[in-house]
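# Structural features, examined
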Amino acid sequence: MRVPHSDNRLLAIACILSAIGLATTQDAVVKAMSGDYSAYEAVLFRCAGAFPLLAFWLWRTGGFRQIATPLIGRVLARGAILGSAYFAFVLAIAAMPIANAVAIYFTMPFFVAGLAGSMLGERVRVHRWLAIIAGFAGVLIMVRPGAGVFEPAALLSLYSAFGYAVGQMMSRPLSREVSPIVMAFWQTILMAVAGLAMAAVFNSGDFTGFSHKSLVFLTRPWVTPPLIDAAVFLATGILAAFAMLLFINAYKFAESNFVAPFEYSSMIWAILYGLLFFNDFPDGYTWAGAAVVVVAGLLMLWRDRHLDRSLSQPEVAPKPAGE
């Protein structure tokens, strides 16, 4: 069954800004818990909190028969890619300030631009390649490889941007055929399965020899949380459920190159949470690199929209001589 689809830019803006606020709040909670619990535990609690809400929503909007979509392969592929991107991001923020991870994550629009040719059959324009080069130059400024201060977790944030770009490129065409709640439901199921698999592996032996915060967060054995921590973890699941649906609908209600710039609002939340709860503030290199990435991304998106409007203008036939 086709899902009704129409463009509504104001609604898309409201969805993406709300999704960013909820997602960044969830990230801050996970970072705060990363010193005591494991990444798979955080994900499993998130899924436990999200699943009842998603199941109820699914039941109220057409029933569970919707999950048997003919496009299940594409839905599962999208869910697996986005799930791996989420795991990579939470592992990154365990080892680095949220604002730094988010700034690197801003390369997502450049991955979208670079992959448009192979995934969507679009011609990648010259200005996009220039923006991609500038964007990754900004990332190099931020991470400073070889400078003695390189944080390997930055690569996890970079992969997260790549995975998210691929997943969101799959979302818009899929949302015309598959309900957003079905995509969110399957994504949650896949993340729960991955979390259970990790729990089985990392509780079957001794993995305590790691010192890097991301690896410690990944491999730490299960720790049963007290009631208050469990409630906080479950609350992240509720936030995640709403954020997933809002993200999908944002890219459903407007084209990707219109929605993507609003994701830069996550930097505001990341800096705020970093200051309030972790005493983190981006250094000069992070600010400079983030500025390069943001400016390059916004110029690329502006140029895209300008060219799209020019191509959509009907040609005016010249008037015959003598008129």
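Bear in mind that the values here come from a model prediction, so they are computed numbers and not experimental data.

About the criteria used
- Residues numbered from 1 in each chain as written.
- Predicted model: local features only at pLDDT ≥ 70, side-chain atom pairs only at ≥ 80, totals over all residues.
- Heavy atoms only, no water.
- Helix = DSSP H or I, 4+ residues; strand = E, 2+ residues; numbered from the N terminus.
- Buried < 20%, exposed > 50% of the residue type's maximum accessible area, 1.4 Å probe, protein only.
- Contact = heavy atoms within 4.5 Å.
- Core = buried A, V, L, I, M, F, W, Y, C linked by side-chain atoms within 4.5 Å.
- Phe/Tyr/Trp six-rings, centres within 6.5 Å; stacked < 30°, edge-to-face > 60°.
- Lys NZ or Arg CZ within 6 Å of the ring centre and 35° of its normal.
- pLDDT = per-residue confidence, 0-100.
- Expected span 1.5 Å × (residues − 1).
- Polar contact = N/O pair within 3.5 Å; in protein donor to acceptor, adjacent residues only side chain to side chain.
- Axes fitted to C-alpha atoms, helices over the stretch in contact; angles between N-to-C directions.
- Parallel < 35°, antiparallel > 145°, perpendicular 65-115°, else oblique.
- Left-handed = near helix turned anticlockwise from the far one by under 90°.
- Patch = residues over 30% accessible without salt bridge, like charges linked within 9 Å, V, L, I, M, F, W, Y side chains within 5 Å.
- Areas by Shrake-Rupley, 256 points an atom, 1.4 Å probe, with all protein chains shown as cover.
- Salt bridge = Lys/Arg side-chain N within 4 Å of Asp/Glu carboxyl O.

Another point: the overall build of the chain. For the chain, the count of helices and strands is 13 helices and zero strands. From first element to last, N terminus to C terminus, the chain shows the α and β order α-α-α-α-α-α-α-α-α-α-α-α-α. Of all 323 residues assigned to the chain, the portion counted as buried reaches 50%. Taking the contacts inside the chain whose residues are at least 6 apart along the sequence as the reference set, 88% of them involve residues at least 24 apart.

On to the environment of lysine 252. Residue placement: lysine 252 occurs in helix H10 (residues 227–253). For lysine 252, a relative accessible area of 9% translates into the label buried. For the pair lysine 252 and leucine 174, spaced 78 residues apart in sequence, the C-alpha separation works out to 9.0 Å.

In a soluble, globular protein the nonpolar side chains are often hidden away together inside. Counting residues in each nonpolar core, the largest one holds 52 residues, and the members touching the most others are Phe247, Tyr251 and Val259. In contact with phenylalanine 247, other than residues within four places in its own chain, are Ile16, Ala19, Ile20, Ala23, Tyr164, Gln168 and Glu263. By size, the runner-up hydrophobic cluster in this structure holds 23 residues, among which are Phe45, Val90, Phe202 and Phe217.

Before going further, it helps to examine unusual backbone geometry. Even without being glycine, asparagine 279 reaches a positive phi, approximately 55°. Within the element layout of this structure, asparagine 279 appears in the loop between helix H12 (266–278) and helix H13 (284–312).

Applying the stated rule across the entire model yields 16 aromatic pairs. Between tyrosine 40 and phenylalanine 202, the ring centres sit 6.3 Å apart and the planes meet at 20°, which makes this aromatic pair stacked. Taken together, the positions of tyrosine 40 in helix H2 (residues 39–60) and phenylalanine 202 in helix H8 (residues 180–202) put the pair 162 residues apart, joining distant regions of the chain. Aromatic rings pair up to connect Tyr37, Phe45, Trp222 and Phe233 into one cluster. Positioned above the aromatic ring of tyrosine 86, the side-chain terminus of arginine 46 is 4.1 Å from the ring centre.

Relative to the helices and strands, alanine 50 resides in helix H2. Measuring from C-alpha to C-alpha, the distance between alanine 50 and phenylalanine 185 comes to 8.9 Å, with 135 residues separating the pair along the chain. Among all residues touching alanine 50, those that are not within four sequence positions of it are Thr188, Gly237, Ile238 and Ala241.

Turning to the side chain of arginine 78, a few remarks are in order. With respect to the element layout, arginine 78 can be found in helix H3 (residues 72–93). The exposure class of arginine 78 is buried, given its relative accessible area of 2%. Residues within four places of arginine 78 in sequence aside, it is in contact with Gly167, Met170, Ser171, Leu174, Met183, Gln187 and Ile248.

Turning to the confidence of the model for the chain, a few remarks are in order. Overall, the prediction assigns the chain a mean pLDDT of 82, with 85% of residues at 70 or greater. Predicted confidence is poor over residues 1–5, with pLDDT under 50, and the contacts of this stretch with residues over four places away or in other chains come to 14 contacts.

This part is about H12. Across its 13 residues, H12 extends 17 Å between first and last C-alpha, which sits within 8% of the 18 Å expected from 1.5 Å per residue. Within H12 the residues assigned to the buried category are Ser266, Met267, Ala270, Ile271, Tyr273 and Gly274. Asparagine 279 occupies a position one or two residues after H12 and carries a positive phi of about 55°.

For helix H4 (residues 98–105), the tally of buried residues reaches eight of eight residues, placing the bulk of the element in the interior. Taken together, the buried positions of H4 are Ile98, Ala99, Asn100, Ala101, Val102, Ala103, Ile104 and Tyr105.

Its location among the elements puts threonine 219 in helix H9 (residues 213–219). Threonine 219 gets classed as buried once you look at its relative accessible area, which sits at 5%. A polar atom in the side chain of threonine 219 sits 3.3 Å from the backbone oxygen of phenylalanine 207. From its side chain, threonine 219 meets the backbone oxygen of leucine 215 in a polar contact 2.8 Å long. Residue contacts for threonine 219: discarding those within four places in its chain leaves Phe202, Phe207 and Phe210.

Along the chain, alanine 192 falls in helix H8. For the pair formed by alanine 192 and alanine 48, sequence separation is 144 residues and the distance between their alpha carbons is 8.2 Å.

Packing of H2 against H10 leaves a shortest axis separation of 7 Å and a crossing angle of 55°. With respect to H10, the axis of H2 lies oblique. Seen from above, H2 lies across H10 with right-handed handedness. Of the residues in H10, those in contact with Ala42, Phe45, Arg46, Ala48, Gly49, Ala50, Leu53, Leu54 and Trp57 of H2 are Ala230, Phe233, Leu234, Thr236, Gly237, Ile238, Ala240, Ala241, Phe242, Met244 and Leu245.

A surface patch of nonpolar side chains, about 430 Å² in accessible area, is lined by Trp269, Leu272, Leu276 and Phe277. With respect to the secondary-structure elements, leucine 272 resides in helix H12.

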